[in-house]
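The lines below spell out each chain.
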Amino acid sequence: MAIDFHAHLDLYPNPFEIAEECAKRNMYVLSVTTTPKAWRGTIRLQGKHKRIKTALGFHPQLVEKRFNELPLFEQILPEARYIGEIGMDSSREFKDSFALQRKVFKHILKCVDRAGGRIMSIHSRGCVKEVISELKGIAGIPVLHWFTGDQKQLKEAIDIGCWFSVGPAMMNRSNSLEIISLIPKDRILTETDGPFAKFNSRPLFPWDVEIVLKGLSDLWKLKLVEVKEQVLQNLKELTTKM
Ligand code: MN
C-alpha cells in the first residue's frame, strides 16, 4: 500500500491499464492534470477506485500556449478537491513566459483562496523563492513537488506550512538527500512524476515509489514497513486537515 502523490496517469500510452494496476496494488494516487481541458478525461481514470484522486492542474510550462483555458480552470475549481500541478518554472526553456506564469499562478491562488483553500501539488523548478512568496497567506495546503530549493528556502517553506512530495530522482543526489533529511518526517509524501520523470532512462510508474521508500528507509534508519506506515499516516493527516 504505497502513495504516489504526483503522477500523470493520463499521459501514459495505456492510462486505464496503469490506473487498474494501481488499484490492484491498493495504491493511493494523486493523478494530476497539466491542463484544465484534461480534467474531464482524466477523472474517468479514477473509475470506481476510491484511492485514485484527480487534481485539477495548469502546468506552468503550458501556460503560454494554453492561456485561454484559464476560465475553464475557474469553472471546474468548485468541484475539484485537489489542485495540481500549478506553479512556476524559471528554467531556461520557460524563462520567456515567466511573467505570464506568475500572473496565472497568482490568479489561480486567488481563486483557490476564495474557494476556501485546497490541497495543491506545486511545481517550483528554479524559482522556489518566488513560489513561496506567492503562496504566503493563501488558504489551503501546498505540497511542493520535486523541491529544488536550498536549505534556507526549505526552512521558509516549512514555516509557511508547506508539505513535500519526494520522488526517485531526488534519491540519488547527495544534495537532494541532504535536503530531504531536513524535512520534518510528518510533512513528507512520496511521488514519481511519471511518466515525465525517468529513472535509469525508463519512465517511472506509480509503484516505483518503492525506490523512494527504500531511500527514506536508509536516510531515516527505519525499517521499510515503518517508513510506509509513517507516509501513510502523513496522508491521512493531510487529508483530514483539508
Ligand atoms: Mn509533474
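Parameters at a glance
Residues numbered from 1 in each chain as written. Predicted model: local features only at pLDDT ≥ 70, side-chain atom pairs only at ≥ 80, totals over all residues. Heavy atoms only, no water. Core = buried A, V, L, I, M, F, W, Y, C linked by side-chain atoms within 4.5 Å. Buried < 20%, exposed > 50% of the residue type's maximum accessible area, 1.4 Å probe, protein only. Contact = heavy atoms within 4.5 Å. Axes fitted to C-alpha atoms, helices over the stretch in contact; angles between N-to-C directions. Helix = DSSP H or I, 4+ residues; strand = E, 2+ residues; numbered from the N terminus. Parallel < 35°, antiparallel > 145°, perpendicular 65-115°, else oblique. Left-handed = near helix turned anticlockwise from the far one by under 90°. Nonpolar A, V, L, I, M, F, W, Y, C, P; charged D, E, K, R; others polar. Expected span 1.5 Å × (residues − 1). Arc of directions from axis to C-beta. Disulfide = S-S within 2.5 Å. Donors = N, O, S within 2.8 Å, 3.2 Å for Na, K, Ca; no water.

Draft legend 1. Expanded view of the nonpolar core. The biggest cluster of nonpolar side chains holds 73 residues, and the ones touching the most others in it are F5, L9, I83, I86, L135, F164 and L216. Sequence-distant contacts of F5, that is, excluding residues within four places in its chain, are made with L30, Y82, I119, S121, V143, S165, L189, T190, E191, L235 and L238.

Draft legend 2. Spotlight on the packing of helix α4 (residues 98-114) against helix α5 (residues 128-135). Where α4 contacts α5, the two axes come as close as 10 Å, and the packing angle between them is 30°. As judged from the angle between their axes, α4 and α5 are roughly parallel. Two packed elements cross with a definite hand, and for α4 against α5 that hand is right-handed. Contact residues: F98, R102, F105, K106 and L109 in α4; E130, V131, E134 and L135 in α5. For the contact of α4 with α5, the residue count by class is five nonpolar, no polar and four charged.

Draft legend 3. Summary view of the environment of F94. Here F94 lies in the loop between β4 (82-87) and α4. Residue classification places F94 among the buried positions, given a relative accessible area of 16%. Considered as a pair, F94 and L62 are 32 residues apart in the sequence and their alpha carbons are 9.2 Å apart. Apart from residues lying up to four places away in sequence, F94 is in contact with Q61, D89 and Q101.

Draft legend 4. How the structure looks around α4. With 17 residues, α4 should cover 24 Å at 1.5 Å per step; its first-to-last C-alpha distance of 24 Å lies within 8% of that length. Regarding α4, the residues found buried are F98, Q101, V104, F105, I108, L109, C111 and V112. One face of α4 carries all of its buried residues, which in axial projection span an arc of 160°. For α4, exposure combined with an orientation more than 90 degrees from the buried face picks out A99, K103 and R114. Immediately downstream of α4, the backbone of G116 shows phi near 95°, a positive value.

Draft legend 5. A look at the state of the cysteines. Applying the stated criterion across every chain, the model contains zero disulfides. C111 carries a free sulfur, and the closest cysteine sulfur to it, the one in C162, is 19 Å from it. A residue is classified by how much of its surface remains accessible, and C111, at 6% relative accessible area, is buried.

Draft legend 6. Representation of the coordination of the manganese ion. Distances from the manganese ion to its protein donors, H6 (NE2), H8 (NE2), E85 (OE) and D193 (OD), fall within 2.1 to 2.3 Å. Within one chain, the residues serving as donors to the manganese ion are arranged as H-x1-H-x76-E-x107-D. In this pair, H6 is assigned in strand β1 (residues 3-7) and E85 in strand β4, connecting sequence segments 79 residues apart. Considered together, H6 and E85 belong to a single accessibility category, that of buried residues.

Honestly, it's all geometry; don't read function into it.
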